[in-house]
Amino acid sequence: MMPILYSYRRCPYAMRARMALSYAGIELEHREIELRNKPQSMLLVSPKGTVPVLCIDDLVIDQSLDIMHWALNQADPEGWCLVDKAAAQEWVSKNDGPFKVLLDQYKYPNRHPHLNPEEVLNDAMSLMLNPMEKGLQSTQYLLGKQMTWVDVAIFPFIRQFSMVNPQKFESLPLPVLKEWLQHHLDSPLFNSVMGKHPVWID
């Protein structure tokens, strides 16, 4: 039976899972969900109700990084996994933890009226964007001269951050980070996983 992926097109977690699955050449059945009307078939296998969810026969994987690693264990044609594991963990933990909190605060200021958006932006710069700019100065990718799963895991979140206020993002002194972002936005891999699918109905 073909693996089934429950996904939501604009979700950064689902995006990175789809990119890893596509890179590894995994054929699957794509089930696009509506966040406000999640299908029962998904909730039965993963009651927490978040995407992505990958079902391979009786195996259910409902964390995006776990889906990425499962896919790369099946096939890793360009050596995405050849990384310093400690450095990889440090980048991804920072992205998925404190940077994601700042991203949500920046994206939804109405939900955080007690916060100053400029201060949130400054915190995001200090925590993530400036270190990325510095790290990318000497190499094309976050962990060296070749792309790894870490770039793919982080890219959708930087994309989302850049889209909150595109004019503001364009004005930030991050030329190398913007090049890195544009490289991923233009990549055939990213564009191959961003096609629109009809909403799945059980």
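Structure: above.
Reading the values: rules and limits
Residues numbered from 1 in each chain as written. Predicted model: local features only at pLDDT ≥ 70, side-chain atom pairs only at ≥ 80, totals over all residues. Heavy atoms only, no water. Pairing = 2+ DSSP bridges. Helix = DSSP H or I, 4+ residues; strand = E, 2+ residues; numbered from the N terminus. Axes fitted to C-alpha atoms, helices over the stretch in contact; angles between N-to-C directions. Patch = residues over 30% accessible without salt bridge, like charges linked within 9 Å, V, L, I, M, F, W, Y side chains within 5 Å. Areas by Shrake-Rupley, 256 points an atom, 1.4 Å probe, with all protein chains shown as cover. Salt bridge = Lys/Arg side-chain N within 4 Å of Asp/Glu carboxyl O. Lys, Arg positive; Asp, Glu negative; His and termini not counted. Charge placed at Lys NZ, Arg CZ, Asp CG, Glu CD. Left-handed = near helix turned anticlockwise from the far one by under 90°. Contact = heavy atoms within 4.5 Å. Nonpolar A, V, L, I, M, F, W, Y, C, P; charged D, E, K, R; others polar. Phe/Tyr/Trp six-rings, centres within 6.5 Å; stacked < 30°, edge-to-face > 60°. Buried < 20%, exposed > 50% of the residue type's maximum accessible area, 1.4 Å probe, protein only. Core = buried A, V, L, I, M, F, W, Y, C linked by side-chain atoms within 4.5 Å.

### Re the sheet that holds strand β4 (residues 59-61)
Okay, step 1: Strands sit in the order β2-β1-β3-β4 across an open sheet of four strands; the sheet is mixed. Every interior strand has two partners, whereas the edge strands, β2 (29-32) and β4, have only one. Neighbour-to-neighbour, the strand axes of the sheet open up by a mean angle of 15 degrees, direction not taken into account.
Okay, step 2: With four bridges joining them, strand β1 (residues 4-7) and β2 adopt parallel strand pairing. By the bridge assignment for β2, Tyr6 is matched with Arg31.

### Things to note about a positive patch on the surface
Okay, step 1: On the surface, Arg10, Lys107, Arg111 and Lys196 cluster together to form a positively charged patch.
Okay, step 2: Along the chain, Arg111 falls in the loop between α4 (85-107) and α5 (117-136).

### Points about the packing of helix α1 (residues 12-23) against helix α6 (residues 149-164)
Okay, step 1: Running from amino to carboxyl end, α1 crosses α6 at an angle of 140 degrees, the nearest separation of the two axes being 8 Å. Viewed along their axes, α1 and α6 form a crossing whose handedness is right-handed. Contacts between α1 and α6 involve Pro12, Tyr13, Met15, Arg16 and Met19 from the first element and Val152, Ala153, Phe155, Pro156, Phe157, Arg159 and Gln160 from the second.
Okay, step 2: Here the contact of α1 with α6 is composed, by residue class, of nine nonpolar, one polar and two charged.

### Quick word on the packing of aromatic side chains
Geometry of an aromatic ring pair is reported as the spacing of the ring centres plus the angle between the planes.
Okay, step 1: For the structure shown, the criterion picks out five aromatic pairs.
Okay, step 2: The interplanar angle of 75 degrees and the centroid separation of 5.0 Å between the aromatic rings of Tyr13 and Phe157 together place this pair among those described as edge-to-face. Here Tyr13, found in helix α1, pairs with Phe157, found in helix α6; they are 144 residues apart in sequence, far enough to count as distant.
Okay, step 3: With relative accessibility at 25%, the residue Tyr13 sits in the partly exposed group.

### Points about the nonpolar core
Okay, step 1: Counting residues in each nonpolar core, the largest one holds 56 residues, and the members touching the most others are Met132, Trp149, Ile154, Ile158, Phe161 and Trp180.
Okay, step 2: When residues of this core are traced back to their parent elements, those giving at least two are α1, β3 (53-56), α3 (64-74), α4, α5, α6, α8 (175-185) and α9 (188-192).
Okay, step 3: Ranked by the residues each element gives to this core, the list is headed by α6, at nine residues.
Okay, step 4: Contact partners of Ile154, with chain neighbours within four places excluded, come to Trp91, Val92, Asn95, Met128, Met132, Leu142 and Trp180.

### Focus on the environment of Val92
Okay, step 1: Locating Val92 in the fold gives a position in helix α4.
Okay, step 2: Residue Val92 is classed as buried on the basis of its relative accessible area, which comes to 5%.
Okay, step 3: Separated by 99 residues in sequence, Val92 and Asn191 have C-alpha atoms that sit 23 Å apart.
Okay, step 4: With residues near it in sequence (within four places) discarded, Val92 still touches Leu65, Trp149, Val150, Ala153 and Ile154.

Functional significance is not addressed by these values, which are geometric in nature.
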